[in-house]
Each structure stands twice: as C-alpha cells, then as structure tokens.
Amino acid sequence: MGSKILVVDDEQLYRHLLKVNLESEGYEVSSARDGEEALEILSSRVPELVILDIAMPRLDGFTTCERIRQFSDVPIIMLTARGEEQDRVRGLNVGADDYVLKP
C-alpha cells in the first residue's frame, strides 16, 4: 500500500466513495465519522494527509483542524459543501492547506 490518508466525514457515502477511489490509486485509507474520532485515530497513527469535512456532529471541521495543528503539521484538505468565502477564509486561517468544495 502507498501513503496513508485519513478521511473525516459524517456522511458514510462520502467516506465510502473517497475510500474506494483512493484505494484504487494505491493509498491506504482510514476513516472517521467526526472530529473526535479523527483525533483519537491521529493520537496513535499519523497519516500523510487528512481530508476533512466541516459540518459534523460533536466536533466540527474547523475545531478539529485547530486541534490537529496543536500537535501536527500533516497536510489538511477541507472537503466540504460550505462554499461561502468566509468559510474558506476561516478554514485556511485555522490551518487547512487547501479548501475544496464537494461536487
């Protein structure tokens, strides 16, 4: 397997689609349903990339990104349906490396 990627999204369909597509390209993919689960995973194994949704229960993507940045410089791509400019700016300000809208 190739590089490790952590996909964090509360929607099972998106987690599944990303996992299938990334694994077909040779990546090793783990997933989390929300920010709290993602932080638990990151405490034991650090991937080479985190793909992070914003709108999630328990701990949203902005807060999750801020917490990840307290202990890691792993690249983070926010993949979200929230396309407002203020959300993009906030995502980048809390530490995301890129901000991509879901199709």
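Residues numbered from 1 in each chain as written. Predicted model: local features only at pLDDT ≥ 70, side-chain atom pairs only at ≥ 80, totals over all residues. Heavy atoms only, no water.

Things to note about the environment of glutamate 23
So, step 1. Note on placement: glutamate 23 falls in helix 1 (residues 12-24).
So, step 2. On the basis of relative accessibility, which here comes to 32%, the residue glutamate 23 falls in the partly exposed class.
So, step 3. Through-space distance from the C-alpha of glutamate 23 to that of lysine 4 is 9.8 Å; in sequence the pair is 19 residues apart. (Helix = DSSP H or I, 4+ residues; strand = E, 2+ residues; numbered from the N terminus. Buried < 20%, exposed > 50% of the residue type's maximum accessible area, 1.4 Å probe, protein only.)

Overview of the pairing of strand 5 (residues 98-101)
Along a regular strand, successive side chains alternate from one face of the sheet to the other.
So, step 1. Of the strand pairs in this sheet, strand 4 (residues 76-80) and strand 5 are connected by four bridges, and their pairing is parallel. Residue pairing across strands places threonine 80 opposite leucine 101, the latter belonging to strand 5.
So, step 2. Viewed along the sheet, the connection from strand 4 through helix 4 (residues 85-93) into strand 5 turns out right-handed. (Pairing = 2+ DSSP bridges. Right-handed = clockwise from strand over helix to strand, strands pointing away.)

A short note on helix 1
So, step 1. Over its 13 residues, helix 1 extends 18 Å from the first C-alpha to the last, a length consistent with the 18 Å expected when each residue adds 1.5 Å.
So, step 2. Those residues of helix 1 lying buried are Arg15, Leu18 and Leu22. Each buried residue of helix 1 sits inside an arc of 75 degrees when the element is viewed along its axis, so together they form one side. Within helix 1, the exposed residues directed more than 90 degrees away from the buried face are Gln12, Leu13 and Ser24.
So, step 3. Tucked inside the fold, the buried residues of helix 1 contact strand 1 (4-8), strand 2 (28-32), strand 3 (49-52) and strand 4.
So, step 4. Just downstream of helix 1, glycine 26 is the residue with a positive phi angle, here 100 degrees. (Expected span 1.5 Å × (residues − 1). Arc of directions from axis to C-beta. Contact = heavy atoms within 4.5 Å.)

Considerations on the packing of helix 2 (residues 35-44) against helix 3 (residues 61-69)
A packed helix pair is summarised by two numbers, namely the angle formed by the two axes and the spacing between the axes.
So, step 1. Axis separation between helix 2 and helix 3 bottoms out at 9 Å; the angle between their running directions is 20 degrees. With respect to helix 3, the axis of helix 2 lies roughly parallel. Both helix 2 and helix 3 take part in a crossing whose hand is right-handed. Facing helix 2, whose interface residues are Gly35, Leu39 and Leu42, helix 3 presents Thr64, Arg67 and Ile68.
So, step 2. Counted by class, the contact of helix 2 with helix 3 contains three nonpolar, two polar and one charged residues. (Axes fitted to C-alpha atoms, helices over the stretch in contact; angles between N-to-C directions. Parallel < 35°, antiparallel > 145°, perpendicular 65-115°, else oblique. Left-handed = near helix turned anticlockwise from the far one by under 90°. Nonpolar A, V, L, I, M, F, W, Y, C, P; charged D, E, K, R; others polar.)

Observations concerning the side chain of aspartate 34
So, step 1. Locating aspartate 34 in the fold gives a position in the loop between strand 2 and helix 2.
So, step 2. Of the polar contacts made by the side chain of aspartate 34, one reaches the backbone nitrogen of glutamate 36; its length is 3.0 Å.
So, step 3. At a separation of 2.8 Å, a polar atom in the side chain of aspartate 34 contacts the side chain of arginine 58.
So, step 4. Setting aside its immediate chain neighbours within four residues, aspartate 34 contacts Val8, Met56, Pro57 and Arg58. (Polar contact = N/O pair within 3.5 Å; in protein donor to acceptor, adjacent residues only side chain to side chain.)

Considerations on the sheet that holds strand 3
In a beta sheet, neighbouring strands are held together by backbone hydrogen bonds and run either parallel or antiparallel to one another.
So, step 1. Taken in spatial order, the five strands of this open sheet run 2-1-3-4-5, and their pairing is parallel. The two strands at the open ends of the sheet, each matched to only one other strand, are strand 2 and strand 5. Strand-to-strand twist of the sheet, defined as the mean angle between neighbouring strand axes without regard to direction, takes the value 20 degrees.
So, step 2. The strands touched by helix 1 within the sheet are strand 1, strand 2, strand 3 and strand 4, with strand 2 carrying the most contacts at an inclination of about 170 degrees.
So, step 3. Here helix 3 sits on the sheet and contacts strand 3 and strand 4; the angle it forms with strand 4, its principal contact strand, is near 175 degrees.

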